[in-house]
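Overview (structure and organization)
Residue strings, one per chain:
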Amino acid sequence: MIQGSGDIYEKVMDLAKRRGFIWPTSECYGAVAGFIDYGPLGAMMKRRVENIWRDFYVIQEGYYEIECPTIAQEAVFVASGHVKGFSDKMCQCPHCKEFLRADHVAEGGGVAGAATMANEMLAAAIATCKCLACEEVLGKVEVFNFNLMFKTSIGPGSQRTGYLRPETAQGMFVDFTRLLRFYRDHLPFGAVQIGKSYRNEISPRQGMIRLREFTHAEAEIFVHPDQKDHPKFSRYADYIMPLLTATQQEKNEPAVSFSMQDAVAQRLIANEYVAYYLALTHEMLVKIGIRPDRLRFRQHLCTERAHYAADCWDAEVYSDRFGWVETVGIADRTDYDLAAHARHSGTPMTVFIQYGEPKKVQRRRIVPNMSVLGKQFRTKAKAVFETLATATPTVDGADIDVDGEKIHIPPELFEVRNEIFEVRGEDIVPHVIEPSYGIDRMCYAVLEQAYDEDIADGESRTVLRLTPCVAPVQVAVFPLMNRDGLDTIAMEVTRTLQKKGLLAEYDDSGAIGRRYRRQDEIGTPFAVTIDYQTKDDRTVTIRDRDSMKQVRIAIDRISETICDLVNGSAQFSSL
RNA sequence: GCGCCGAUAGUGUAGUGGUUAUCACUAGGCGUUGCCAACGCCUAAACCCGGGUUCGAGUCCCGGUCGGCGCACCA
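Notes on the structure follow. (Residues numbered from 1 in each chain as written. Chains lettered and ligands numbered in written order. Predicted model: local features only at pLDDT ≥ 70, side-chain atom pairs only at ≥ 80, totals over all residues. Heavy atoms only, no water.)

**Some words on the overall build of chain A**
Broken down by element type, chain A carries 19 helices and 28 strands. Computed over its C-alpha atoms, the radius of gyration of chain A comes to 32 Å, more than 25% above the 25 Å expected for a compact globule of 575 residues. With respect to the principal axes defined by its C-alpha atoms, chain A has extents near 115 × 70 × 55 Å. Residues classed as buried in chain A amount to 47% of the 575 residues present. (Helix = DSSP H or I, 4+ residues; strand = E, 2+ residues; numbered from the N terminus. Rg over C-alpha atoms; globule rule 2.2 N^0.38 Å. Buried < 20%, exposed > 50% of the residue type's maximum accessible area, 1.4 Å probe, protein only.)

Here it is as structure tokens:
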């Protein structure tokens, strides 16, 4: 248990800074709010978290990872809606200098339709409203847009505007036609991306929780709009976890546990795809060391959900310091993104779905005699053909209206054909299921939950109880004494472990107890000690970080045993 | 962005406007040490940044940066 009254956040961040997990960025010039550096151990731990994420999405789901630039041209974000919608209309109170959301001021002052007003109009409209902070009547103010995207220019001069991406998702959307081809033209398929995203937060606080540059891991799964049953749903059908539905939130009720199958059947979750990734996310977060009792899934209320989303859930992790923190978002974004990019770019973003049986469709077609009518109408011919195609002719011919001019086309100059077509399929715009992970928040949650202080031999001990699969250093190797050849054997053991791909740290400085404590503090789960008995019978001890117990094992089995312990296929208690 | 508070070795700290800035832990070296922060000797290491007041500023004043809290913000 953690002793004393110190703030957990302070303790965790202090440890993280001291031992090389997280540092303020460019400290020698003064740090910048909203940016952090991952030190040696932090970067390693984060990489392990990312690789577990890859294991779930790339290896197990089969959604390949792509890598797009962090800067994209303006058109991308015009289409996605970020240029227009990722900004807030703001104003500054001339009295108390407070920055305010202009639409909130309008709402407070009973001004309707603020969302659609131009800035000048809105400024005029709210002049009589009161400041939300100091309650003075605002008077003349300027309304301006504050866009959360970082803007830059591409190339010399400033010919082309670029933005740092506020999410990785757009990369998967703009590459849609290439991805569709890669997956050989059939649904469902998915693509994922792990990388940096940027949001120019107005006032970032809370250390690694709200960053201006953060690591985003997103999957975009393209599915048929009418087929939202996940083909592998049985994997999680009986998976039970706590859900805080919109209805429960409205009634102020706590989260209730459901199996995914029941949740979908009772329509609490929109479809199997969303449910599947809720469960997968739960499993992954538990795997990296989040305690299930500190994990819940909260459904977005209708009012907070993006207008295009059919359903949206947040995985929230409970922090002793920050309360419930949104860490993962899982949304059914429907066809919003692909439709928008298709519209703006002019590239169709559809999938051709072939019918089981071709459909026979009867169609009446009017085929004009082009050679005669073309000569007759010349430049107007095209308009005449188009109008004629939709006309309803009689036996006397067709009377059409082209640009206000009444034209009679005699029956011998066209032919009405009733044709039977075979339609083999249709083009549909896929829907997108999007699980979106904030890797930095996951890392913070892992650190906070791993942090512990206990009493060992009457002395307090700081220990990071990281699950072995995310611990940066996986095993430490100590010679009991720094002589008599024990150091040589220990170095050999270290090398053997490193050859197996394990991050093993050799340490022979100072008392053995001090070396154990040092490793405890950075979360190293296991320590191997070479003692005098090693020289007699070729055995070493493995010491478990959490229980501080030791078992003796043959030196030949050491790398195999540590590998099993680290990847979770063996437990220390059963050695 | 506003208001309040804070910032001294890696960490935690002491420091009436006046010596070479205190102490402990940590870290490094040597010795010692037969399993959980032991011990001895030695070493390294700091006044957030920029102005100002002053003969003299870690100390007082102003501005900035970062951090904490409250407000506001958080597609």
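**Quick look at the packing of aromatic side chains**
Using the criterion set out here, one finds 23 aromatic pairs in the structure. The interplanar angle of 90 degrees and the centroid separation of 4.9 Å between the aromatic rings of Phe182 and Tyr183 together place this pair among those described as edge-to-face. Residue classification places Tyr183 among the buried positions, given a relative accessible area of 14%. One aromatic cluster is present, built from ring pairs that chain together Trp53, Tyr57, Tyr236, Tyr239, Tyr273, Tyr276, Tyr277 and Tyr437. (Phe/Tyr/Trp six-rings, centres within 6.5 Å; stacked < 30°, edge-to-face > 60°.)

**Observations regarding the pattern of salt bridges**
Pairs can form between side chains of opposite charge whenever their charged atoms are close. Using the criterion set out here, one finds 32 salt bridges in the structure. Among the salt bridges present, the one from Asp337 reaches Arg333, with a minimum N-O distance of 2.8 Å. Both residues of the pair, Asp337 and Arg333, belong to the buried class. Taken together, the salt bridges that share partners define one network made up of Asp452, Asp454, Arg461, Arg465, Asp520, Arg543, Arg545 and Asp546. (Salt bridge = Lys/Arg side-chain N within 4 Å of Asp/Glu carboxyl O.)

**With respect to the protein's contact with RNA strand B**
In the vicinity of RNA strand B lie 41 residues, with Phe86, Arg101, Arg199, Arg321 and Arg518 positioned nearest. Within 4 Å of the protein, the contacting atoms of RNA strand B are 52% sugar and phosphate, with bases supplying the remainder. Between RNA strand B and Ala33 there is a distance of 3.3 Å, counted from a phosphate oxygen to a backbone nitrogen or oxygen. Contact between RNA strand B and Arg483: a phosphate oxygen at 3.4 Å from a side-chain N or O atom of the residue. It is helix α17 (residues 512–521) that provides the largest number of residues to the surface near RNA strand B, a total of six residues. Residues that form the surface near RNA strand B fall into these classes: 14 nonpolar, nine polar and 18 charged. (Near = heavy atom within 4 Å. Polar contact = N/O pair within 3.5 Å; in protein donor to acceptor, adjacent residues only side chain to side chain. Nonpolar A, V, L, I, M, F, W, Y, C, P; charged D, E, K, R; others polar.)

**A short note on unusual backbone geometry**
Cis geometry is found at the peptide bond from Leu187 to Pro188, where omega equals -10 degrees. Note on placement: Pro188 falls in the loop between α8 (176–182) and β10 (189–198). Its identity is not glycine, yet Ser26 carries a phi of approximately 40 degrees, on the positive side. Topologically, Ser26 is positioned in the loop between β1 (22–24) and β2 (36–38). The class of Ser26 is partly exposed, set by a relative accessible area of 32%. Residue Arg184 is not a glycine yet carries a positive backbone phi of 55 degrees. Relative to the elements of secondary structure, Arg184 occurs in the loop between α8 and β10. Residue classification places Arg184 among the exposed positions, given a relative accessible area of 64%.

**Looking at the sheet that holds strand β28 (residues 550–554)**
Spatial ordering of the open sheet is given by β25-β24-β26-β27-β28, a layout of five strands whose pairing is mixed. Since the sheet does not close on itself, it has two edges, and those belong to β25 (504–506) and β28, each with one partner. Neighbour-to-neighbour, the strand axes of the sheet open up by a mean angle of 25 degrees, direction not taken into account. Sheet topology note: the strand β26 (residues 526–530)/strand β27 (residues 539–544) ladder contains four bridges and is antiparallel. By the bridge assignment, Phe526 is partnered in β27 with Asp544. Seen against the sheet, helix α16 (residues 486–499) touches β24 (475–479), β25 and β26 and runs at an angle of roughly 165 degrees to β24. Most of the contacts of helix α19 (residues 558–567) go to β26, to which it runs at about 165 degrees, and overall it touches β24, β26, β27 and β28. (Pairing = 2+ DSSP bridges. Axes fitted to C-alpha atoms, helices over the stretch in contact; angles between N-to-C directions. Contact = heavy atoms within 4.5 Å.)

**Remarks on α19**
All of the buried residues in α19 are Ile558, Ser559, Thr561, Ile562, Leu565 and Val566. Along α19, the residues classed as buried sweep out an arc of 160 degrees about the axis, all on the same side. Each element contacted by the buried residues of α19 is listed here: β24, α16, β26, β27 and β28. Following α19 by one or two positions, Gly568 has its phi on the positive side, about 90 degrees. (Arc of directions from axis to C-beta.)

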